[in-house]
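Chain residues, written in single-letter form:
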Amino acid sequence: MTAAALHALLSHWRRKPFQLVTLVLGLALATALWAGVQAINAEARKSYDDAANVLGGSQVIVDSAGAQIAPDAYATLRRNGWKVSPIVDGWVAGSEGRVRLLGIDPLTLSPGTPTRGALEDIELTDFLGSQGRILTSPATATRLENFGARVQKVEGLAPGLALVDLSGAAALLEQSGYDRLELDPEQPLSQTPLKEIAPSLIIKAPDSAGDLARLTDSFHLNLTAFGLLSFAVGLFIVNGAVGLAFEQRRPVFRTLRALGVPARNLVFLLVVELLILALIAGAIGVVLGYFIAAFLLPDVAATLRGLYGATIDGALTLSPLWWLSGLAIAILGTALAALTHLVQVARLKPLAAAQPRAWALASESVMRMQLIVATLCLATSLFAGLVGGGLVGGFVLLAGLLLTAALALPTALSIILRGAERLSRGVLSEWFWADTRQQLPGLSLALMALLLALAANIGVGTMVGSFRLTFTGWLDQRLASELYVTAESEAEVTDLIAFLEPRTDAILPIWHTDAEVLGAPAEIYGIVDHPTYRENWPLLSALPNVWDRIAIGEGALINEQLGRREDIAPGDVIAMPGGWETEVLGVYSDYGNPMGQVILPTSTLTTRYSDIDRTDFGLRVSRGNVDAVRTSLTEDFGLPAENIIDQASIKSFSIDVFDRTFAVSAALNVLTLAVAGFAILTSLLTIAAMRLPQLAPIWALGIPRHILARAELIRALILAAVTFVLAVPVGLLLAWVLLAVINVEAFGWRLPMHFFPADWAWLALLSLLAAGLASLWPARRLATRPPADLIRVFSHER
Amino acid sequence: MLLDVQNLSKRFEAVTILDGVSLSLAIGESVALTGESGSGKSTLLHIIAGLEPADGGEVTVDGIALSTLKDAGRARLRRDDIGIVFQQFNLIPSLNIAQNLLFQARLAGRDANLSALAEQLGLSEHLSKYPEQLSGGQQQRVAIGRAIAARPKLVLADEPTGNLDETTGDAVFDLLLQSAKETGAGLLIVTHSERLASRSNRRLHLRQGRIQQ
Amino acid sequence: MNAKAFLFVFAVAFLPFLASAQGFAGLGQSSDGFALPDPDTRFSFPDDHGPHPNFRIEWWYVTANLRDKDGVDYGVQWTLFRNAMTPSGTDADQIWMGHAAVSGPDGHYFDERFSRGGSGTAGVSSEPFEAFIDEWVMTGSDPNNVRLHAQGSDFSYDLSLQASNEFVPQGANGFSAKSHEGLASHYYSQPFYKISGTVILPSGEISVTGRGWLDREWSSQPLSPTQTGWDWISLHLDGGDKMMGYRLRDETGPAYTVGTWISRDGTPTPFVPGELTMTPIEWASVADRDVPVGWRVTLPKRDLAIQVEAIYPQSWMSTAVPYWEGPVSFDGTHKGIGYLEMTGYE
Ligand SMILES: Nc1ncnc2c1ncn2[C@@H]1O[C@H](COP(=O)(O)OP(=O)(O)O)[C@@H](O)[C@H]1O
Ligand SMILES: [Mg+2]
């Protein structure tokens, strides 16, 4: 009996293979987008973890003034019962760019640290000493070819990192002190208090790795939000496809029930069937997701490197957990989509006459429910966004607004359609509007998907566009010098300046040091008084005579993210590392920089801080002279070409990083829109099957099929158009939240909003095209339908 | 003659359903068509209404031969001159009863007195309701009202009482006869019921693809 | 002697974080450039208390049998190893390693430290005497009068060690053979320490007194490639005499067993190889392996036949290279206490 029933159920798919494809594809697509985004996130997180592990997840001891720790101080600590291990941390120039160099002492490193795991197969005698091995991941090894055979590849080491013995690091970085001491989690019973033996040293929570995770959190939240959105949109397809399959098999269900199959068995069989389909679709989806992730990962990696300096391996490594979670999400999605249909089957009366569904009544109560939920959503999101605050609050606000808009969409459409019906004159147009309104419940899920996709597109598009406009304008201000050069060493600086003096209009030192400002890593720059800054520097707010006062050392400038994070405005006083204070004279925009920044006059920088990188300079050169100066620098002075960058290349590089950053968003946007289009198609197909009894009377009363078909096409276009029109304000609201809330929380800068109507026109066209294409096929099928099919409506039970 | 059917034949694949059917119907006349289930009554009605083509023979409605009309022409003929009542799914679910009643009349561009019509059909209470809120008998009354509101020359009804209980069916049948008489339309009505058939002016019986008087 | 030290040093030199050594093959090979033990060398104090960096390996090794006022036994170990990566003799080429342990009724507590030469975190000076790694110290005017301190995260001890006897040369005037092939080391001991002080364990602070034993040894080429491990005992006999013996196990033949009888006045009498016998008679499962914790020891020449038993059989050192080291008591023709060390049971 069960076998026969199952056979009867499954035979449906043999007759309608396309429906099977739709269902599986919809589910696979939804799963793929979700799984792909998750894979990218997981890969990035793994890279951070690797880095965090190597860089030390444990507490460290550092100098409170940011100075290096003398080896004697280290010995004093050890001799007083402190189990600490010295770390030298710096950057080394490789043949293919900088690589972070960690000098470690394998003899004192805590046995629990993964770094020691990385050393497992290394002979200590090869590693120790100033000429010892340099260990890197295979990928990073290619960037250090200038070190020849010293480089040894170690699998599993964090990318972009080189491990070397303490003495080797000291030699490479030309420093004798240590940057920090890693505190062994296991300390002996008694030790002399740090204050007594080394008053300048303090214990600090682990740094950089945690910072990296914190900095990139917002980016990943962003991706996850997109993944979720795509998945939600994908669910609409599944809902449509499952609905279609159930709707068309109604007579089969009824017959089976009449033949004595209990409702429970029937539901069980359907659940088994759905489970199998979900597993198949989930598997396909996860594989697709892998390709999506592999396709997007290079861009994501580039983004993270460009924006945060976080290094990600270019290759995907996927855990079994990821595969399983992909399947789970597919099953969950199917369950969500099929629940209402299953309940209907359970309630199905075997011999009930085939009633056309009570659309109008049901839909009104559903819409009322949706409105109530929408109101709740709105309240929640406003509360989270305005009262709760924070990045998560921002995203809740975003999600809540989107959901509110989606849920309110059917009501809004219904009101608009009712208005149109009122205004319409002829009997056919009256029918058209009434009929369109009646289709709403069946189409509303797909239209919500479309609204979400469109709003996301408009919102993200506006955000990215606004950002790009602001960013390029800002680059023009910020990169005022025509050439930027880096001296090979500090010893060379004097010669370099002497060489440049007669050849340039101005030499602007860009000296800097890294330090901790108000509890977080920051950069402190020194600048000289020069019209370049007065004329170009992108100040957001400032006290009067800001440049005159900076010039005489009366204060500092800070970047916007530092100002927002610490709530500092011009006129406030900030505490600087090294225990002094200065007045903030102005705040400037500093897009793309994850860190806080302070600008001081060069003289203040050099008197207050010792460990300054003095090798960078900006050069003002008249336009026509740029190439000549560059050539003489390389050929006459002998500066390596890679130490000279012109303004245009920095700009194009920055824009490139920027575009790559948002390439992922764009790709996900397009995918989401495609999914929404697909959702409309499946919804229309589902409806088409139920449409015949609604259309047949009209046809019998003398309206030819092609006119009915045209009405169907126009209906889809009108619904898409109205949805688009409604999506525009939603999208703009979304953009505003992204620019004024999310960006501020995630990056610390607020961006002005610009409008891009041309993009909207494209999007409108695209959505009409999607709706048109999606409705074309069902409409054509109607137009060419044999009259017998329509006639049968009147004489047979469906 | 309002309706003239000559030597009509129809096959579905190899099976011949209608095999030289001829009949005629005068203005104001009501004719009942009976026959066993599957004998081809509905098929005949559909061909007369231009919903389905015939394989042979000719149908002439008010002097116009259907074979001379294209799809659009047949649709226009249906719209303007023929009222149809089916066994079920007669009404347009998205429109309310008032809109349904007037639908064909407005399509054909004719005026109709809604309140009189509703009064006559006993539907005055229900005008703003939607079809699915009405009982089967009420729905059939709306269908009849819609068919005659447009004042067609010919009314075709295919087992209009087939889905109704006896009392309701009798009432609907009488309404149809009476309405046709009042508008002067010719009425061809297919029914199972010998009892109902006897109420019409004339009876035809379809058997083995032919009309038997 | 503490022959296992060679194994540690080997491990430090080649595989710092892996216990799985490539057998002992490497040990007999590379003494290139290092000084070799010379039978004609005589000790010269206090200089020989300090390091000998032209030899590859060297250690300062103290074991102590202690008791609290209730007669509960405790064992204490304090060890500093020096290993030279090259024969340069420079500080930078030395690697230092410390081991410390306390064995008691509640368990075996230990810790391990490493240090690179020249970092100021480990070293030895002969006069005044100080051997240290991190905060662990053995320090005093000379090795006969020292304070001994070490600690881990769960134990600590601070002991005062006093001896009045001369240091006792092992083997032939301090030239101690390790095999028939002539591998050897320079080796002297101070077996006559009297000790008092405190031990801190998780259960609390304990006042202890007892006896201690210092081994000083340096060499460059200590083991034959086929020797798989060793069993070493140092015994404080009740009458005041001392005995040291060790058995070097060989995978190709019989063990090489030698030792020294040290009479109560400090006069050493080395044994001819084979004169002393050491036979395992009782095994215990320790850290997932079987280790002989009961021994029959005979020395017919002195009518000695005793059973040596570990007081705390679980005295396992889970250090980079693991081994067994703990206090023992013995019974039979002679009675007393001492220390047992066993390596190569991996
Ligand atoms: N579109 C069709 N294709 C094939 N056979 C059909 C079709 N429509 C009707 N038939 C067959 O033609 C015969 C007559 O049907 P119908 O005219 O509905 O009979 P009645 O209305 O007298 O019960 C039946 O056997 C029916 O199965
Ligand atoms: Mg019929």
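Look a little higher up for the structure.
Below is a summary of the structure that appears in this document. (Residues numbered from 1 in each chain as written. Chains lettered and ligands numbered in written order. Predicted model: local features only at pLDDT ≥ 70, side-chain atom pairs only at ≥ 80, totals over all residues. Heavy atoms only, no water.)

Formed by 128 residues in total, the largest nonpolar core has its most connected members in Trp-431 of chain A together with Leu-3, Ile-48, Val-59, Phe-103 and Leu-188 of chain B. Considering every element that reaches this core, the biggest residue donor is helix H15 (residues 427–478) of chain A, with 25 residues. Counting the residues that make up this core, at least three belong to each of domain 3 (359–476 + 650–798) and domain 4 (477–649) of chain A. When near neighbours in sequence (up to four residues on either side) are disregarded, Phe-103 of chain B contacts Val-427, Trp-431, Ile-698 and Leu-701 of chain A together with Ile-92, Leu-95 and Arg-146 of chain B. Membership of the second largest hydrophobic core comes to 38 residues, among which are Ala-100, Ile-195, Leu-201 and Leu-214 of chain C. (Core = buried A, V, L, I, M, F, W, Y, C linked by side-chain atoms within 4.5 Å. Buried < 20%, exposed > 50% of the residue type's maximum accessible area, 1.4 Å probe, protein only. Helix = DSSP H or I, 4+ residues; strand = E, 2+ residues; numbered from the N terminus. Domains from an automatic or database assignment. Contact = heavy atoms within 4.5 Å.)

Glancing now at the pairing of strand E1 (residues 57–67) of chain C. Residues and elements named next belong to chain C. With respect to burial, E1 is a largely interior element, 10 of its 11 residues being buried. Here E1 runs beside strand E2 (residues 73–84); their pairing, made up of 11 bridges, is antiparallel. The partner of Thr-63 across the bridge, within E2, is Gln-77. In this sheet, strand E13 (residues 204–219) lies alongside E1 in antiparallel orientation, the contact comprising 11 bridges. Bridging across to E13, Trp-60 finds its partner in Arg-216. (Pairing = 2+ DSSP bridges.)

Residue and element names in this part refer to chain A. Inspection of the secondary structure assignment puts Gly-578 in the loop between strand E15 (573–576) and strand E16 (580–588). On the accessibility criterion, Gly-578 (57% relative accessible area) is exposed. Sequence separation of Gly-578 and Glu-516 is 62 residues, and the distance between their C-alpha atoms is 9.6 Å.

Residues and elements named next belong to chain C. Inspection of the secondary structure puts His-108 in strand E4 (residues 107–116). At a separation of 2.9 Å, a polar atom in the side chain of His-108 contacts the side chain of Ser-103. Among the polar contacts listed, one links the side chain of His-108 to the backbone oxygen of Trp-316, at a separation of 3.5 Å. Contacts of His-108, omitting those with residues within four sequence positions, involve Ala-101, Val-102, Ser-103, Gln-314, Ser-315, Trp-316, Met-317 and Glu-325. (Polar contact = N/O pair within 3.5 Å; in protein donor to acceptor, adjacent residues only side chain to side chain.)

Worth remembering: the numbers are spatial, not functional.
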